[in-house]
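# Observations on the three-dimensional arrangement
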Amino acid sequence: MNLILKIWRQPNSKSKGKMVTYPVENVSPDMSFLEMIDMLNEKIILKGEDPVAFDHDCREGICGMCSMFINGQAHGPDRLVTTCQLHMRKFRDGDTIIVEPFRANAFPVIKDLIVDRSSFDRIQQAGGFISINTSGNTQDANAIPIEKDDADKAFDAATCIGCGACVASCKNASAMLFVSAKVSQYSLLPQGKVEATDRVLNMVNQMDEEGFGNCTNTGACEVECPKGISLENIARLNREFLISKVKT
Amino acid sequence: MNGLALSSLAKKYSMALSGLFLVFFLFQHFTINFISIFSKDMFNQVSHFMGNNLLVQFVLQPILIFGVIFHFVMGLILELDNRKSRSQNYYMTKGSANSSWISRNMIFSGIVILSFLALHFYDFWFPEMKYKYYHFSPLDPNRYYEEMIHKFVSPARVLMYSVSFIFLSLHLLHGFSSSFQSMGINIKYISFIKILTNAFAIIIPFGFILIAVFHFYNSH
Ligand code: SF4
Ligand code: FES
């Protein structure tokens with residue numbers, strides 16, 4: 001396959017970026033999107049230029065690093081995949097592909113396609129934990145009976161990899177799906193219920209302080225989330241926040 | 001950012017609750033308009049009651065006007081706030097791949113509905129206020145039906161009225177069911193709420209249109 005790539009290039013967070021066009025030839029349909037960018041970078045390096053900077057780590061859909069907005073969609077046109085899991089067979093020979101960084105004020109661009117998602121870390125630090133000493137004296141998990149339905153829902157929520165595709169896809173740059181997944185993953189389980197009230201209040205406060213937008217229920221996040229995190233979690237977050245506010 | 005008053009979720013709840021309140025009002029308004037199709041006398045009676053009952057006039061009416069203004073102002077604040085959260089836009093976005101047009105353009109349908117409300121106030125509310133509280137004209141329990149029919153004579157008016165209600169239908173298709181989600185009830189798995197809200201969003205606005213068209217044909 002021969003393709004034309006239009007990629008956002010921005011030397012650093014201070015400078016103004018622009019779209020730069022690169023032709024790439026002989027792309028195999030079996031390559032992943034990142035492998036195709038690697039191929040392009042090899043050519044750029046041989047020319048003595050600065051390669052396209054992009055985040056990646058596991059390359060198997062686990063770490064959530066590979067943030068790219070491809071042809072107007074977070075992680076490209078495929079469903080339930082990250083960019084590293086996106087294959088070039090999803091495109092056609094001769095296609096022009098637009099590649100941009102995830103955009104939100106709470107995710108400032110560091111360089112090219114790399115954005116700073118430490119706002120997610122700060123939200124997580126505000127309440128996404130349980131304060132239990134785990135140094136060798138933890139209770140056996142099977143000693144606490146948990147309903148299958150709750151366990152399943154908590155597990156589903158816990159599959160959120162913190163990639164930020166929900167924020168990138170939302171017209172309001174809202175982080176509600178991420179925060180709701182993190183809140184749900186704990187609050188559905190007895191171990192997480194102890195701190196549930198503070199958790200939801202602190203995490204939502206931090207989310208607002210980071211400058212994410214307000215959720216207006218468009219549902220774009222759920223569709224674009226590579227892990228299929230459900231809007232049901234946002235409803236749970238709305239519920240828990242209201243109850244916690246009334247309680248405190 | 002502490003406190004319910006400022007949080008993003010407080011804005012969400014207030015949009016949902018004010019929206020649900022307006023939905024309730026819309027249903028009541030529809031019921032009265034619907035009466036005009038089969039009984040001129042009953043329509044006059046009900047309108048006279050609504051127009052002269054002290055509770056309706058001086059308690060419910062101000063609450064309603066506040067509700068409309070609140071819903072609009074809050075919606076506008078949300079929209080402006082949300083635009084600020086992404087100062088650099090994408091070169092290319094494909095919104096249709098993951099969300100409905102109307103869910104992304106509630107401010108647009110909202111402004112169309114608000115413009116219609118301005119016309120509606122000009123047509124009905126201001127003359128009514130002038131009649132009752134400025135000229136102190138005599139109570140006439142039989143004038144309402146004729147006054148209403150008179151507004152549906154012009155085809156341009158009926159067309160404008162109909163277009164506005166199509167936008168209202170779109171606004172409700174997202175807004176009504178969405179208010180349940182905002183209040184913490186995910187309706188994806190409670191299909192009867194989804195069916196009910198969608199049916200309401202279609203039947204009520206198109207019902208309003210049919211009533212207008214009915215009177216338009218009757219007056220020609
Ligand atoms: S909710 Fe989905 S899209 Fe959002 S951060 Fe988690 S995995 Fe990524
Ligand atoms: S590189 Fe880890 S999810 Fe893509």
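Residues numbered from 1 in each chain as written. Chains lettered and ligands numbered in written order. Predicted model: local features only at pLDDT ≥ 70, side-chain atom pairs only at ≥ 80, totals over all residues. Heavy atoms only, no water.

## Things to note about the sheet that holds strand S5 (residues 96-100) of chain A
Strands belonging to one sheet form pairs held by backbone hydrogen bonds; the direction of such a pair is parallel or antiparallel. Residue and element names in this part refer to chain A. Rule in force here: Two strands are said to pair when DSSP picks up at least two bridges between them. Strands are runs of DSSP state E lasting at least 2 residues, helices are runs of H or I lasting at least 4, and numbering of each runs from the N terminus. Here, residues are in contact when the closest pair of their heavy atoms is within 4.5 Å. Angles run from 0 to 180 degrees between N-to-C directions of axes, and those axes are lines fitted to C-alpha atoms, restricted for helices to the stretch in contact.
Reading across the sheet, the 5 strands line up as S2-S1-S5-S3-S4 and stay open at both edges, with mixed pairing between neighbours. At either end of the open sheet lies a strand with only one pairing partner, and these are strand S2 (18-24) and strand S4 (73-74). Pairing geometry for strand S1 (residues 3-9) and S5, over 4 bridges, is parallel. Bridge pairing in S5 places Ile7 opposite Val99. Across the sheet, helix H1 (residues 33-46) lies against S1, S2, strand S3 (69-70) and S5, angled at about 90° from S2, the strand it touches most.

## Observations regarding the pairing of S1(A)
All names here are of chain A. Rule in force here: Buried means the residue's accessible area, taken with a 1.4 Å probe over protein chains only, is under 20% of the maximum for its type, while exposed means over 50%, and partly exposed covers the values in between.
Along S1, 5 of the 7 residues are buried, which leaves the element largely enclosed by surrounding structure. Bridge analysis of S1 against S2 gives 7 bridges, and the strand direction is antiparallel. In the strand pairing of S2, Arg9 is matched with Lys18.

## Focus: the domain arrangement of chain A
Residues and elements named next belong to chain A. So the rule is basically this: All domain edges in this entry derive from an automatic or database-based domain assignment. Two parts lose some accessible area (1.4 Å probe) when they are put together, and adding that loss for both gives the buried area. Here, a salt bridge means any side-chain nitrogen of Lys or Arg that lies within 4 Å of a carboxyl oxygen of Asp or Glu. In the analysis that follows, any N or O atom pair within 3.5 Å is treated as a polar contact, provided that within protein one partner can donate a hydrogen and the other can accept it, and provided that, for residues neighboring in sequence, both atoms belong to side chains. Ten residue types, Ala, Val, Leu, Ile, Met, Phe, Trp, Tyr, Cys and Pro, are classed as nonpolar, four, Asp, Glu, Lys and Arg, as charged, and the remainder, Gly among them, as polar.
Each assigned domain of chain A is listed here: domain 1 (3-111) and domain 2 (117-132 + 142-247). Every contact between the two is made by 21 residues of domain 1 and, on the other side, 20 residues of domain 2. Buried area between domain 1 and domain 2, both sides added, is near 1500 Å², and the carbon and sulfur share of it is 58%. Interface area lost by domain 1 to domain 2 is led by Leu80, Ala106 and Phe107, which between them contribute 34%. Here domain 1 is connected to domain 2 by 2 salt bridges. With a shortest N-O distance of 3.7 Å, Arg79 and Glu224 are connected by a salt bridge. At the boundary of domain 1 and domain 2, one finds 7 residue pairs in polar contact (both at pLDDT 80 or more). Looking at the side of domain 1 that touches domain 2 residue by residue, the class counts come to 11 nonpolar, 7 polar and 3 charged.

## A few points about the environment of Leu3(A)
All names here are of chain A. Within the secondary structure layout, Leu3 lies in strand S1. Take Leu3: its relative accessible area is 2%, and that puts it in the buried class. Aside from chain neighbours lying at most four places away, what touches Leu3 is Tyr22, Pro23, Val24, Val27, Met88, Arg92, Gly94, Asp95 and Ile97.

## Some remarks on the interface of chain B and chain A
Interfaces are often sized by the amount of accessible area the parts lose when they come together. With 40 residues of chain B at the interface, the matching set in chain A holds 51 residues. Both sides together, the interface formed by chain B and chain A hides about 3800 Å², and carbon and sulfur atoms give 50% of it. At the boundary of chain B with chain A, the tally comes to 1 salt bridge. Between Lys171(A) and Glu79(B) there is a salt bridge; the shortest N-O distance is 3.9 Å. Our count for the chain B to chain A interface comes out at 31 residue pairs in polar contact (both at pLDDT 80 or more). For the side of chain B that touches chain A, the secondary-structure elements that each account for two or more residues are helix H1 (8-38), helix H3 (54-84), helix H4 (101-104) and helix H7 (155-182) of chain B. Of the residues assigned to the side of chain B that touches chain A, the class counts are 12 nonpolar, 19 polar and 9 charged.

## Considerations on the side chain of Ser187(A)
Residue and element names in this part refer to chain A. Inspection of the secondary structure puts Ser187 in helix H5 (residues 176-187). Classification of Ser187 by relative accessible area gives buried; the value is 5%. Here Glu240 takes part through its side chain, which lies 2.9 Å from a polar atom of the side chain of Ser187. When neighbours within four sequence positions are excluded, Ser187 is seen to be in contact with Lys193, Ala196, Arg199, Arg236 and Glu240.

## Examining the environment of Cys84(A)
Residues and elements named next belong to chain A. Counting through the fold element by element, Cys84 comes out in the loop between S4 and S5. Overall, the relative accessible area of 7% leaves Cys84 in the buried class. C-alpha of Cys84 to C-alpha of Arg59: the two residues are 25 residues apart in sequence and 5.1 Å apart in space. For Cys84, the contacting residues outside a window of four places in its chain are Ser32, Leu34, Arg59, Glu60, Gly61 and Cys66.

## Points about the site of ligand 1
Residue and element names in this part refer to chain A. We apply this condition: The rule for a residue being near a molecule or strand is that one of its heavy atoms must lie within 4 Å of it.
The environment of ligand 1 is made up of 13 residues, and the closest members are Cys160, Cys163, Gly164, Cys166 and Cys225. Listing elements by their share of the shell around ligand 1, those giving two or more residues are helix H4 (165-169) and H5. Along the lines of polarity and charge, the residues of the shell around ligand 1 split into 11 nonpolar, 2 polar and no charged.

## Here's the deal with the nonpolar core
Heads up, the rule is: The nonpolar core is taken to be a set of buried Ala, Val, Leu, Ile, Met, Phe, Trp, Tyr and Cys residues, with the residues joined through side-chain atoms within 4.5 Å.
One finds Val167(A), Val179(A) and Phe212(A) to be the most contacted residues of the largest nonpolar core, which totals 42 residues. Counting residues per element, the ones that place at least two in this core are helix H2 (118-127), H4, H5, helix H7 (196-209) and helix H9 (232-247) of chain A together with H1 of chain B. No other element matches H5(A), which puts 6 residues into this core. Here this core spans two domains, since at least three of its residues come from each of domain 1 (3-111) and domain 2 (117-132 + 142-247) of chain A. Those residues within four positions of Phe212(A) in sequence are excluded, and the remaining contacts are Ala106(A), Phe107(A), Ser119(A), Phe120(A), Ile123(A), Val167(A), Ala173(A), Ser174(A), Ala175(A), Met207(A) and Ser85(B). If you look at the next biggest cluster of nonpolar residues, it comprises 30 residues, including Leu26(B), Ile35(B), Leu172(B) and Ile193(B).

## Side note on the side chain of Glu100(A)
To keep it simple, the criterion reads: Charge counting treats Lys and Arg as positive and Asp and Glu as negative, with His and both chain ends excluded.
Assignment of secondary structure puts Glu100(A) in strand S5. We note that Glu100(A) is buried and unpaired, the nearest opposite charge coming from Arg103(A) at a distance of 4.1 Å. One polar contact links the side chain of Glu100(A) to the main-chain amide nitrogen of Tyr91(B), over a distance of 2.4 Å. The residues touching Glu100(A), leaving out its near neighbours within four places in the chain, are Trp8(A), Met19(A), Met68(A), Phe69(A), Leu113(A), Tyr90(B), Tyr91(B) and Met92(B).

## A short note on the environment of Val73(B)
Residues and elements named next belong to chain B. As for its placement among the helices and strands, Val73 is situated in helix H3. Overall, the relative accessible area of 39% leaves Val73 in the partly exposed class. On a C-alpha basis, the gap between Val73 and Met15 in space is 9.8 Å, while along the polypeptide they are 58 residues apart.

## A word on the pattern of salt bridges
Applying the stated criterion across every chain, the model contains 18 salt bridges over all chains. For Asp38(A), the salt bridge is made with Arg59(A), and the minimal N-O distance between the two is 2.8 Å. Of the two residues, Asp38(A) is situated in helix H1 and Arg59(A) in the loop between H1 and S3; the sequence distance between them amounts to 21 residues. Here Arg157(B) makes a salt bridge to Asp123(B), at a shortest N to O gap of 2.8 Å. Here Asp123(B) lies in helix H5 (residues 106-134) and Arg157(B) lies in helix H7, a separation of 34 residues in the sequence. One salt-bridge network, in which partners are shared between bridges, spans Asp149(A), Lys153(A) and Glu232(A).

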